[in-house]
Amino acid sequence: MLVLSFILAAGSLSTLVSGAPLPKFALNVRNAIDTVATAAHHLVEKRSGDVYKVYGGTGAVSNGWPAQSAWVADFETMFSAQKPIMSSSCTQWNVANTSPTEITAIHDGLKTVSAETGIDARYLLAILMQESNGCVRVPTTNWGVRNPGLMQDHDGAATCNENGVQNPCPASTITQMIRDGAAGTTAGEGLKQTIARSGASDVSKYYKGARLYNSGSIDSSGNLGAGIATHCYVSDVANRLTGWVSAPHGCVEATIGSVTGQAVSGGDDTTTPTTPTTPTTPKVTPVSTPKVTPTPKPTTPKPTTPTTKQVGDKSPSAQKAPGASSACKGWYTISNGNVCTTLENKFGVSMANLEKWNTGLKSDCSNLWLGYSYCVSA
């Protein structure tokens, strides 16, 4: 089965992997995390503990990973440090940012679900920030299976951005989004199950649980940066747990799988974080095989010119894509399987014009967002 890699995209062809059937796609916002961290950079107070260390290997303390005693001392301190990031986290999706009231609801929801599941609230916060940066209106990704909400869980019930944007996002919905990611859903595992499935009893159970939550499997080498999905995911989570907020992100997706131990890659938050230019691989569901081997990327077929071209809808049927032209005469809402060549063929429009009429769209089409309306005629 071929799996398309994208970040809130309906059909990026940047990376493909194959293996046993992978029924679940989840949103990965590695690019969003760094982009928002950069935007919020000057809002975050200087913290001497805001350092990014690249962690490679098995997740064991003996392998250089942080012991639980090295995590941020308490949940309140850790949460307070992340609030400026949360408050600007929704900007790139052209929806209202998480409000102070909603941030309070996230805080209370994390504590409630921590008490229900027995999972450390600091760990839940680290995963939440890794998945959505605390944007309560993060779009739902559906690439065969729904992945909604703050935790980008497996087909959960709660979301404030699907078939319309909900503002404000109710506190009960926010708590349920966290619960679906932590406790799991009827359709798939949550963190409680992945931690248990790690088979570890020391602090590495949290790091291995994060790997399983993101990719569904741990590479046969035991290295938590190897295998499929987002290679830097677990290193990022470990850094969030030890106080990373906005220091430069030094983990390299292409090499983390061969790293063992740790290395300091960034100082305090006086330096603007580096934003990756290459989309990372999204979270997938647990699979029974321990390793999935990537396959070469196939050649993207050249678009063919249709005999009859459509003109688009007179008005957008969903949330407008960022940068969509105010003078647009034809709109199209992105659905499953759409890529930019879909729009080119369907409406006889060039990629150059798509970029001109939708200034937020990248030239490689890697951020074509599912469920958003794009201008296809102006």
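Residues numbered from 1 in each chain as written. Predicted model: local features only at pLDDT ≥ 70, side-chain atom pairs only at ≥ 80, totals over all residues. Heavy atoms only, no water.

Student: Got a minute to help me understand the overall build of the protein chain in this structure?
Tutor: A count of helical and extended segments in the protein chain gives ten helices and ten strands. Residues classed as buried in the protein chain amount to 55% of the 378 residues present. Entry remark: accessible area of the protein chain is about 14700 Å², with carbon and sulfur atoms responsible for 54%. (Helix = DSSP H or I, 4+ residues; strand = E, 2+ residues; numbered from the N terminus. Buried < 20%, exposed > 50% of the residue type's maximum accessible area, 1.4 Å probe, protein only. Areas by Shrake-Rupley, 256 points an atom, 1.4 Å probe, with all protein chains shown as cover.)

Student: Help me out: how do you make sense of the state of the cysteines in this one?
Tutor: As used in these notes, a disulfide is a covalent bond between sulfur atoms, one from each of two cysteines. Taken as a whole and judged by the stated rule, the model has five disulfides. Shown here is the disulfide that connects Cys90 with Cys135, its sulfur atoms set 2.0 Å apart. Measuring handedness by torsion sign, the sulfur bridge of Cys90 and Cys135 sits at about 115° and is right-handed. Of this pair, Cys90 sits in the loop between helix H2 (75–86) and helix H3 (100–117) while Cys135 sits in the loop between helix H4 (121–132) and strand E5 (141–142), and the two are 45 residues apart along the sequence. For Cys160, the disulfide goes to Cys169, at an S-S distance of 2.1 Å. One quick way to see it: the torsion about the S-S bond of Cys160 and Cys169 is about 85°, and its sign makes the bridge right-handed. Disulfide partners in the protein chain, listed by the sequence order of the bonded cysteines, are 1-2, 3-4, 5-6, 7-10, 8-9. (Disulfide = S-S within 2.5 Å.)

Student: It is not clear to me how the confidence of the model for the protein chain should be interpreted in this structure. Could you clarify?
Tutor: Detail in the predicted coordinates should be disregarded across regions flagged by low pLDDT. Chain-level pLDDT for the protein chain is 78 on average; 74% of the residues reach the 70-or-more range. By mean pLDDT, the top-scoring element of the protein chain is H3 (98), and the lowest-scoring one is strand E2 (residues 16–18) (26). Low pLDDT, under 50, characterises residues 1–46; the predicted model gives this stretch 172 contacts beyond four residues in sequence or across chains. Ignoring residues within four places in sequence, the model shows residues 284–307, a span with pLDDT below 50, making 47 contacts including any to other chains. (pLDDT = per-residue confidence, 0-100. Contact = heavy atoms within 4.5 Å.)

Student: So what exactly am I meant to see when it comes to helix H7 (residues 204–215) here?
Tutor: For the α-helix, the turn length of 3.6 residues means that residues three or four positions removed from each other point alike. When the terminal C-alpha atoms of H7 are compared, their 16 Å separation across twelve residues agrees well with the 16 Å that a helix rising 1.5 Å per residue should span. Ser204, Tyr206, Tyr207, Gly209, Ala210, Arg211, Leu212, Tyr213, Asn214 and Ser215 are the residues of H7 that are buried. Taken from the residues just after H7, Gly216 is the one with a positive phi, measuring 90°. (Expected span 1.5 Å × (residues − 1).)

Student: Is there a simple way to think about the packing of H2 against H3 in this case?
Tutor: Any two packed helices are characterised by how steeply their axes cross, that is the angle between the axes, and by the distance between the axes. Between H2 and H3, whose axes approach to 11 Å, the crossing angle comes to 145°. The two elements H2 and H3 meet at a crossing, and its hand is right-handed. Mapping the contact onto sequence places Phe75, Glu76, Phe79, Lys83 and Met86 in H2 and Ile103, Ile106, His107, Leu110 and Lys111 in H3. Here the contact of H2 with H3 is composed, by residue class, of six nonpolar, one polar and three charged. (Axes fitted to C-alpha atoms, helices over the stretch in contact; angles between N-to-C directions. Left-handed = near helix turned anticlockwise from the far one by under 90°. Nonpolar A, V, L, I, M, F, W, Y, C, P; charged D, E, K, R; others polar.)

Student: What exactly am I supposed to notice about the pattern of salt bridges here?
Tutor: If charged atoms from side chains of opposite charge come close, those side chains can pair. In total, this model carries seven salt bridges according to the counting rule given. With a closest N to O distance of 2.8 Å, Glu102 and Arg137 form a salt bridge. Separated by 35 residues along the polypeptide, Glu102 in helix H3 and Arg137 in the loop between H4 and E5 bring together distant segments of the chain. Glu162 is the salt-bridge partner of Arg146, the closest N and O atoms lying 2.8 Å from each other. Remark: Glu162 occurs in the loop between strand E6 (146–147) and helix H5 (171–183) and Arg146 occurs in strand E6; sequence separation between them is 16 residues. Overlapping salt bridges bring together Arg146, Asp155 and Glu162 as one network. (Salt bridge = Lys/Arg side-chain N within 4 Å of Asp/Glu carboxyl O.)

Student: Help me understand the side chain of Ser235, please; the structure alone is not making it clear to me.
Tutor: Tracing the backbone through its elements, the reader meets Ser235 in helix H8 (residues 233–241). Overall, Ser235 belongs to the buried group, its relative accessible area being 1%. Not counting the four nearest positions on each side in its chain, Ser235 is found in contact with Tyr52, Lys53, Val54, Tyr55, Trp65 and Cys251.

Student: It is not clear to me how the packing of aromatic side chains should be interpreted in this structure. Could you clarify?
Tutor: On inspection of all chains with the given rule, the structure shows eight aromatic pairs. With 5.3 Å between their ring centres and 70° between their planes, Trp71 and Tyr206 make a pair best called edge-to-face. With Trp71 in the loop between strand E4 (53–56) and H2 and Tyr206 in helix H7, the pair connects residues that are 135 residues apart, well separated along the chain. Residue classification places Trp71 among the buried positions, given a relative accessible area of 3%. Judged by relative accessible area, Tyr206 falls into the buried class, the value being 10%. Counting every residue linked through ring pairs, the aromatic cluster contains Tyr55, Trp65 and Tyr207. (Phe/Tyr/Trp six-rings, centres within 6.5 Å; stacked < 30°, edge-to-face > 60°.)

Student: What is the right way to read the environment of Ala196 from this model?
Tutor: Its place among the elements puts Ala196 in helix H6 (residues 191–197). Along the primary structure Ala196 and Tyr206 are separated by ten residues, whereas in three dimensions their C-alpha atoms are 9.3 Å apart.

Student: I would appreciate a short explanation of the environment of Tyr374 in the present structure.
Tutor: Among the structural elements, Tyr374 can be located in strand E10 (residues 373–377). Judged by relative accessible area, which is 2%, Tyr374 ranks as buried. Taking the C-alpha atoms as reference, Tyr374 lies 9.8 Å from Ser317; in sequence the two are 57 residues apart. Dropping the residues within four chain positions of it, Tyr374 is found in contact with Ala321, Gly330, Trp331, Tyr332, Ile334, Leu343, Asn358, Leu361, Asn367, Leu368 and Trp369. One polar contact links the side chain of Tyr374 to the main-chain amide nitrogen of Trp369, over a distance of 2.9 Å. (Polar contact = N/O pair within 3.5 Å; in protein donor to acceptor, adjacent residues only side chain to side chain.)

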